[in-house]
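Next come the chains, spelled out residue by residue.
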Amino acid sequence: MENQIKHKLNRKNNGSQEKLPIKIVQFGGGNFMRGFTDYVIDQLNKKAGFNAGIANVQPTQGGSVHRLEEQDNLYTLFSRGIKKGEIIDTKQVISAIQKSINPYTHYDEFLALAKEEELEFVFSNTTETGIAYDGSADHYEGPHDNFPAKVTVLLYERFKHFNGAQDKGLRIIPCELIEDNAFVLKEIILKYAQLWNLEDGFIQWIEQNNYFHNTLVDRIVPGYPKDDAETYEDQLDYEDRMIVVSEVFLLWVIQEAGNLKDRIPFDQINEQILVVDDIQPYRLRKVRILNGGHTLMLAPAILSGKETVKESIDDQFIGDFLKDTVFNEVNPTLGLDENELKDFADEVFDRFRNPFIKHHLASIALYFVSKFKVRILPSLLGYVEMNQKLPLHLTFSLACLIRFYQGSFGEKSLPLNDEAPIVNRFKEIWENRDYDQVAELALSETAFWDTDLTQVNGLTSAVAKALWEIDHHDMKTACQNFIQFNS
């Protein structure tokens, strides 16, 4: 499209002139929200007749909602990745956002949102630090910098305008990556109501007529492709300064309350959106399979000379090692449906193969011991408890971690990036050249694992055997010999 004069993206030129009622107030119009929640609502509008418009509220004074307004709140989303073994590379214009508001310059427009007749939902992603209480916000009058304070004002203005009507409460669905995100937000809202001496009737209305839905969200949204912008711009016959790029995978787990399934027809679009009574098993699944998958293959892959996640999973040895470990040793400890776990794991492996995302192993090695303790060790110990024997792949992965912290392998320095006491303690441990003693000292270090792993029957001798194999053979042979010896 070289030398072509492009028109600016707007609703007239794009043909997206429908006026949707404001059903959603959204705090945070950054890359993630535009590639995740706004995409989902756009799909619901176009495929399920949801007919929901979004009012996008700028959460911080340094935001840039004006850039969306300049494009009539339209932008192009590129979704790129692998799904069920096939490369997916699509683009679409997202039109769900109807207006963007800067409450710091147009506070009256923000307050007016409370009066929207069809308003029903509040979405947010203000980062993990956004859901926090700030006692210095000790007055009701805004605009407030604090996000929960803004929500409190929005709810109170709605409560006053509709005289506390029971059917005018809202559903709060935050996407911040903290546990029990909605419950934490609700607690802070109630603290502000007390701090500002708002009437008891409002507090009662919050408790009885508003719903707070905890969530788990998962999608990689790199955002605007600044390093490769021309490649994307060349695919468009219009000018778009707000392009967003995301992976294909999407997971949104929402805790049920007040018949949410009846309010949003998630089941009418082909996305992995789950409305469930208990969100914790899905959080566990993500930590153990997605995050755990990265962590358990990290040391074997680096010791095999790999540098990226994709390069690792494409390698026959590392790829098979990862699959065997997840399917045979991790999944059985989770207590969820076997087919559901397999489908999730297959999607995770597709994400690892994504040719459009370069994920370096060295970046995953940050705080490696802590990650292993949280993501992998519970699976290892759970397997032992269930089967009264060691999970050999997880045990080999643990041995690889211990070998990794020696700091070098052959001629290559390894990317140690951990707290100094951990790195220094491993250096002391590796001053011993006896593998049995190294295994004993490393596994007994409760500062690493919060427990004495030498108490796990057979683990110390197994790790010592694995360490010997790692130092005397290539990684594939070492793993095969270790598993054969212990089978």
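- Identification of the chain as Tagaturonate reductase from Chryseobacterium vrystaatense is taken from an unreviewed UniProt entry.

Observations concerning the sheet that holds strand 4 (residues 75-83)
1) Next: What the 3 strands build is an open sheet, ordered 5-4-12; its pairing is mixed. In the strand order of this sheet, the two ends are held by strand 5 (86-94) and strand 12 (244-246), each with one partner. This sheet shows a mean twist of 15° between the axes of neighbouring strands, independent of strand direction.
2) Next: In this structure, strand 4 lies alongside strand 12, joined through 3 bridges in parallel fashion. Considered in strand 12, the bridge of Ser 79 is made with Ser 246.
3) Next: Against the sheet, helix 3 (residues 37-48) contacts strand 4 and strand 5, and its axis sits at roughly 80° relative to strand 5.

Let's talk about the pattern of salt bridges
1) Next: If you walk through the whole model with that rule in mind, you get 20 salt bridges.
2) Next: The residue Lys 160 makes a salt bridge to Glu 157 at a minimum N-O spacing of 3.2 Å. Of this pair, Lys 160 and Glu 157 both sit in helix 6 (residues 147-161), 3 residues apart, which is roughly one turn of the helix.
3) Next: Judged by its relative accessible area of 17%, Glu 157 falls in the buried class.
4) Next: By sharing partners, the salt bridges in this structure join Glu 120, Arg 171 and Arg 263 into a single network.

Details of the layout of surface pockets
1) Next: Each pocket or cavity is described by its volume, and for the largest pocket that value is around 470 Å³.
2) Next: Asp 218, Ile 220, Leu 290, Asn 291 and His 359 are, among the 24 residues lining the largest pocket, the residues nearest its centre.
3) Next: At the level of secondary structure, the elements contributing two or more residues to the lining of the largest pocket comprise strand 10 (215-218), helix 11 (280-303), helix 12 (309-314), helix 14 (338-352), helix 15 (361-364) and helix 16 (368-375).
4) Next: With 4 residues, the top contributor of residues to the lining of the largest pocket is helix 11.
5) Next: For the lining of the largest pocket, the residue count by class is 10 nonpolar, 6 polar and 8 charged.
6) Next: Split by domain, the residues of the lining of the largest pocket number at least three in each of domain 1 (7-277) and domain 2 (280-486).

Definitions and cut-offs
- Residues numbered from 1 in each chain as written.
- Predicted model: local features only at pLDDT ≥ 70, side-chain atom pairs only at ≥ 80, totals over all residues.
- Heavy atoms only, no water.
- Pairing = 2+ DSSP bridges.
- Helix = DSSP H or I, 4+ residues; strand = E, 2+ residues; numbered from the N terminus.
- Axes fitted to C-alpha atoms, helices over the stretch in contact; angles between N-to-C directions.
- Contact = heavy atoms within 4.5 Å.
- Salt bridge = Lys/Arg side-chain N within 4 Å of Asp/Glu carboxyl O.
- Buried < 20%, exposed > 50% of the residue type's maximum accessible area, 1.4 Å probe, protein only.
- 1 Å grid on protein atoms, 1.4 Å probe; cavity = no way out; pocket = protein on both sides within 12 Å on 5 of 7 lines; lining within 4 Å.
- Points joined across faces, edges and corners; volume = space filled by probe spheres on them.
- Nonpolar A, V, L, I, M, F, W, Y, C, P; charged D, E, K, R; others polar.
- Domains from an automatic or database assignment.

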